[in-house]
Amino acid sequence: MENEMILTVEAEQNLLQPIDEYVGKIQKKINELRLDGTDQIIALNNHIAVVRENANYSRNEKASIIAEDKKALEKAKAIEQKNKPEVRKLTDDAVKYLDEHYDKEYFTKVAASCREQKAAEISRYEKELLDLKAGHQAELAKLKNSAEIKEEKYVFKNRLFDAKLKHDATLQEIKDREHEAFAHRYHLIDLLRLSKFTFAEKQKQKWENYRYTFNVKQFLLKNGLYIAILFIFILLCILTPIIKHTQLLTINNILNILQQASPRMFLALGVGGLILLGGTDLSVGRMVGTSMVMSTMIMHKGINTGALFGNVFDFTALPVGIRIVLALVVCCCITTLFTSIAGFFTARFKIHPFISTMANMLIMFGLITFATKGVSFGAIELSIPKTIMPKIFGGQFPTIILWAVAAVIIMWFVWNKTKLGKNMYAVGGNPEAAAVSGISVFKVTVTAFVIAGILYGFGAWLECIRMVGSGSAAYGQGWETDAIAACVVGGISFKGGIGKIQGIVVGVLVFTALTYSLTILGVDTNLQFVFSGIIILSAVTIDCLKYVQKK
């Protein structure tokens, strides 16, 4: 006996028919009112656009045709304005009718039918599986020959696959049926209002579309790592008060995390651009170490405590403001010089960025360590941090965060609103196709490396000021892994051409928060590298799974 709650196609159409007829009559009246007004305006505007682009007309002919169209357009606008109150009244009447009748008389019944149909299908599928397994076991009991047993297992596996395929197709049909019933209402409203929806209507459609397209496997592939990290962070928030007798999630700790993340944001934004091109940068940590030495040397109070190639410098004769700017310029020039060299070799000789930036890393570390003999350059002028990144709102909010926000906004604009950004996505996605379409792969690659160098220099300069100096060649060790990890966790694909700035922001905040939490908990710094390695491996694995699934 069939379930009476499951609607047939004919029964469903019978439920919808009076609604369609009522709204259809109103729609017909509205169409008649729009014929010489709104419809004519749309047609004339399209005709004017076509005439302007038509090379077969002379300038005078275009002007004459457009002038005639504009006269007709004024007339159509007057008709539209005259009919607008009546159109609005009819539209409101139709929408009100839909609000009162559509869900009650049609959609809720279809949704209930779909639920019943889904339950019946699941029950049928489970019974089919039991029957298949029972039949399979019965067949196996009769067979003695290993070849026949193997063949029976193969047949059984195929039958299970076919049954699953049929089951999934049926469930999708039920899902489609309910979605179409939901969407039909908004199709009618779309015709009534010419694609104009209220905010609430837009949100309902977005939620329904998300629910309709939601896939657990895709969701876990996209967000599984974030969920795992969030779980770890929640666990740390629970353990920290128990073990260390202090709260982790406080305003002060959150500001400290944002403060620590700010210089790293610059580095991750630079690396992110290179990963977008299908590359990477292993020299970030050494860029930071070299810049820290140079910044501290220039902004140091009095004679430097360390020497550079045997020479001790003293920049205190220069005004503090000039020394601050000089330190920034020197940092950016040095980092940009080295990234430009790596970019040139990568773009010109097709050397993988892994090799060109590793060479940079070794050269920079060797030079700065030899030049300084590993000696720290002490602290900078204490007035500089208060000048560059003063704390506002009662000395609570560190303005270094605003520097990072500005960098994020600028790079978002570059990636999303400039020709360079579009070209970076194109080159990262397929450099050969980009070259054929007229994009200079060499220029895009070198430019990306130059931008990365500027960001490295700026970030290292901010870190020097944040740390009040402490210039050492060893500073920044491991920062390249943090920057790369932040990018891959944030969804910048190593396959190239895929990623968003907001992903980098999330990645940096996630890594900084995790490191800060582990430090408060007393986890050894060396063990923190283990966590970073696991997260990087997991992120890249998920990225590869996405790529394989797409193929």
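Treat the numbers as computed from the prediction; the structure is a model and nothing was measured. (Residues numbered from 1 in each chain as written. Predicted model: local features only at pLDDT ≥ 70, side-chain atom pairs only at ≥ 80, totals over all residues. Heavy atoms only, no water.)

Trainee: For this particular structure, what's the right way to read unusual backbone geometry?
Mentor: Although it is not a glycine, H245 sits at a positive phi angle of roughly 55°. Owing to a relative accessible area of 70%, H245 belongs among the exposed residues under this scheme. (Buried < 20%, exposed > 50% of the residue type's maximum accessible area, 1.4 Å probe, protein only.)

Trainee: Any chance you could explain the environment of A67 here in plain terms?
Mentor: Structurally, A67 can be placed in helix 3 (residues 59–142). Taking relative accessible area as the criterion, A67 reaches 34% and is therefore assigned partly exposed. Put simply, A67 and I48 are 19 residues apart on the chain and 9.3 Å apart in space, counted from C-alpha to C-alpha. (Helix = DSSP H or I, 4+ residues; strand = E, 2+ residues; numbered from the N terminus.)

Trainee: What's the story with the side chain of Q259 in this structure? I'm lost.
Mentor: Mapped onto the secondary structure, Q259 falls in helix 7 (residues 251–276). By relative accessible area, Q259 is classed as buried at 15%.

Trainee: Explain the packing of helix 12 (residues 400–417) against helix 17 (residues 501–521) to me, please; I cannot follow it from the model alone.
Mentor: Angle between the axes and distance between the axes: these two values describe a pair of packed helices. Viewed as axis vectors pointing N to C, helix 12 and helix 17 meet at an angle of 145°, and their least axial separation amounts to 9 Å. Counting all contacts with helix 12, which are made through V408, M411, W412 and W415, the residues of helix 17 involved are I501, Q502, I504 and V505. Considered class by class, the residues forming the contact of helix 12 with helix 17 number seven nonpolar, one polar and no charged. (Axes fitted to C-alpha atoms, helices over the stretch in contact; angles between N-to-C directions. Contact = heavy atoms within 4.5 Å. Nonpolar A, V, L, I, M, F, W, Y, C, P; charged D, E, K, R; others polar.)

Trainee: Would you mind going over the pattern of salt bridges with me for this structure?
Mentor: Proximity of charged atoms lets side chains of opposite charge pair with each other. This model, assessed by the stated rule, comprises 14 salt bridges. Across the pair R185 and D99 runs a salt bridge whose closest N-O atoms are separated by 2.4 Å. Of this pair, R185 sits in helix 4 (residues 146–193) while D99 is found in helix 3, placing the two residues 86 residues apart along the sequence. A salt bridge links R323 to E381, with the shortest nitrogen-to-oxygen separation between them at 3.3 Å. One end of the pair, R323, is in helix 9 (residues 320–349); the other, E381, is in the loop between helix 10 (353–372) and helix 11 (383–388), and 58 residues separate them in sequence. (Salt bridge = Lys/Arg side-chain N within 4 Å of Asp/Glu carboxyl O.)

Trainee: Got a minute to help me understand helix 3 in this structure?
Mentor: Given 3.6 residues per helical turn, the α-helix brings residues three or four places apart onto the same face. If you check helix 3, its first and last C-alpha atoms are just 89 Å apart, much less than what 84 residues at 1.5 Å a residue would give, namely 124 Å. Roughly 55° is the biggest bend found in helix 3, and it falls at Y102. (Expected span 1.5 Å × (residues − 1). Bend = angle between axes of the 7 residues up to and from the residue.)

Trainee: It is not clear to me how the state of the cysteines should be interpreted in this structure. Could you clarify?
Mentor: For the coordinates displayed, the defined rule picks out zero disulfides. The cysteine C331 is free of any disulfide, with C332 supplying the nearest cysteine sulfur at 6.7 Å. We note that C333 lacks a disulfide partner, and the nearest cysteine sulfur, in C332, lies 7.1 Å from it. C333 sits in the partly exposed class, given a relative accessible area of 47%. (Disulfide = S-S within 2.5 Å.)

Trainee: Is there a simple way to explain the packing of helix 7 against helix 16 (residues 479–489) in this structure?
Mentor: Helix 16 packs onto helix 7 with a crossing angle of 65° between their chain directions and a minimal axis gap of 8 Å. Of the two elements, helix 7 crosses helix 16, and the hand of that crossing is right-handed. Contacts between helix 7 and helix 16 involve R264, L267, A268, V271, G272 and I275 from the first element and W479, D482, A483, I484, A486 and C487 from the second. Its residues placed into classes, the contact of helix 7 with helix 16 shows nine nonpolar, one polar and two charged. (Left-handed = near helix turned anticlockwise from the far one by under 90°.)

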